[in-house]
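Breakdown of the fold
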Amino acid sequence: MKFTKLPEGTFKEMQMNAGILLDGFTPATGEIKNILGATSGGITFTAIPTYSDFGEDIDNCPTNMKELKNLNSWEAKMAGIFITVSTNLAKTLVSVADIDSEDSTHVIPRNKLESTDFEDIWWVGDYSDLNGEQNGGFCAVHLMNALSTGGFQIQSTDSGKGQFTFEFLGHYSLENPEQVPFEIFVKTGETEGISEVETTEGE
């Protein structure tokens, strides 16, 4: 059938598996930093723009005239469920909090938001049919100036794992108000190189 087809690169352009949440990632090298925690059910990322129609009150102007459409801002969110927690992650989820300097197991909430409460968060997932350890492809989302806006939540279960539902919201900054608080990277994997062991054995 003429239209019952798949794009040629379908199996090379699929994002696979749940991915991981990180506090740092280097797209140029694929280097990951700390994994925030284990998750369940995958991660949801949404980036929704808010628009204004400058022509809505102009006589004889059709609704949604493209030349008069204006993008006001982006709302970027990362949400999911953690099934592990540490003191550092608990602090991040509470968001407006500190770790007690005299007791590293103690998270102390605050009533005042500080600039240090905002953290960059990365979601990185496998991408393409080449997912080797060194040159694997990835799809990555960088959420900038993220703040936990879902609060700290625990749902315990009888004879099961506790769940920590989360939602992070990206924020604009006065330092660079034109910078949208998220960015996306899509990198196709490459064939892994021949190891030194294989090279030696072949000589």
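Below: a short report on this structure. Counting restarts for each chain, with residues numbered from 1 along the sequence as it is written. Local features in this predicted model are restricted to residues of pLDDT 70 or higher, and side-chain atom pairs are both shown and tallied only at a pLDDT of 80 or more, whereas totals for entire chains, interfaces and linings draw on every residue. Side-chain numbers here rest on the full set of heavy atoms in the structure, without hydrogens or water.

Turning to the nonpolar core, a few remarks are in order. Ranked by internal contacts, the top residues of the largest apolar core, which has 19 residues, are Leu21, Met78, Phe82 and Phe168. Every element with two or more residues in this core is listed here: β5 (69-82), α1 (87-94), β8 (119-127), β9 (138-148) and β10 (164-169). Helix and strand definitions here come from DSSP, where helices need a minimum of 4 consecutive H or I residues and strands a minimum of 2 consecutive E residues; each element is numbered from the N-terminal end. Ranked by residues supplied to this core, first place goes to β9 with 4 residues. In this view, Leu21 contacts Asn34, Ile35, Leu36, Thr39, Ile43, Met78, Phe82, Ile121, Trp122, Trp123 and Phe166; residues no more than four positions away in its chain are not counted. Buried Ala, Val, Leu, Ile, Met, Phe, Trp, Tyr and Cys residues that are joined via side-chain atoms within 4.5 Å together make up what is termed a nonpolar core. Type-normalised accessible area, obtained with a 1.4 Å probe on protein chains alone, sets the label of each residue: buried when under 20%, exposed when over 50%, and partly exposed for intermediate values. In what follows, a contact means two residues having at least one pair of non-hydrogen atoms within 4.5 Å.

We now examine the pattern of salt bridges. In what follows, salt bridge is the name for a side-chain nitrogen of Lys or Arg lying within 4 Å of a carboxyl oxygen of Asp or Glu. Across all of its chains, the model carries 4 salt bridges by this definition. Residues Asp98 and Arg110 are paired through a salt bridge, measuring 2.6 Å at the closest nitrogen-oxygen approach. Highlighted residues: Asp98 in strand β6 (residues 97-99) and Arg110 in the loop between β7 (107-109) and β8, separated in sequence by 12 residues. For Arg110, a relative accessible area of 19% puts it in the buried group. A single network of salt bridges, built from pairs that share partners, joins Glu75, Lys77 and Glu167.

Moving on, we get to the pairing of β9. Most of β9 is tucked away: 10 of the 11 residues are buried. The sheet contact formed by β8 and β9 spans 7 bridges and is antiparallel. If you follow Gly125 over to β9, its bridge partner there is Cys139. Each pair of strands is called paired provided DSSP finds at least two bridges between the two strands. Where β9 lies against strand β11 (residues 182-187), 6 bridges are found, and the strand directions are antiparallel. Its bridge partner being in β11, Leu143 is matched across the sheet by Phe182. Two strands pair when backbone bridges link them, and β9 and β10 are joined in this way by 2 bridges, in the antiparallel orientation. Counted as the bridge partner of Ser148 is Phe168 from β10.

With that out of the way, let us pick up the side chain of His142. Tracing the sequence through the fold places His142 in strand β9. Given the relative accessible area of 8%, His142 is considered buried. Side-chain atoms alone can form a polar contact between residues adjacent in sequence; in general such a contact is a pair of N or O atoms within 3.5 Å, and within protein one must be able to donate a hydrogen while the other accepts it. Separated by 2.9 Å, the side chains of His142 and Asp120 make a polar contact. At 2.8 Å, the side chain of His142 and the side chain of Glu183 are in polar contact.

What follows deals with the environment of Asn111. One can find Asn111 in the loop between β7 and β8. Since its relative accessible area comes to 88%, Asn111 is described here as exposed. Taking C-alpha positions, Asn111 is 7.1 Å from Val96, a pair spaced 15 residues apart along the chain.

A word on α1. Since the α-helix turns once every 3.6 residues, residues separated by three or four places project in the same direction. Every buried residue belonging to α1 is among Leu89, Ala90, Lys91, Thr92 and Leu93, and all of these are buried. Those residues of α1 that are buried lie in contact with β5, β6, β7, β8, β9 and β10. Phi for Ser95, located one or two positions after α1, is positive at around 75°.

Attention now goes to the packing of aromatic side chains. Here a pair means two rings of Phe, Tyr or Trp (six-membered ring of Trp) with centres within 6.5 Å. Their orientation is stacked below 30 degrees between planes, edge-to-face above 60, and tilted elsewhere. Tallying each qualifying case throughout the model produces 8 aromatic pairs. One aromatic cluster is present, formed by Phe25, Trp122, Phe138 and Phe185 through successive ring pairs.

This part takes up the environment of Leu93. Topologically, Leu93 is positioned in helix α1. Measuring from C-alpha to C-alpha, the distance between Leu93 and Phe164 comes to 8.8 Å, with 71 residues separating the pair along the chain.

Surface patches are drawn from residues lacking salt bridges whose relative accessible area is over 30%; two like charges belong together within 9 Å, two nonpolar side chains (Val, Leu, Ile, Met, Phe, Trp, Tyr) within 5 Å. Areas reported as accessible are Shrake-Rupley estimates using a 1.4 Å probe. Residue values count occlusion only from the protein chains shown. Nonpolar side chains collect at one region of the surface, where Leu6, Phe11, Met14 and Met16 lie side by side and expose about 420 Å² of accessible area between them. In this structure, Phe11 sits in the segment before β1 (15-22). Given the relative accessible area of 57%, Phe11 is considered exposed.

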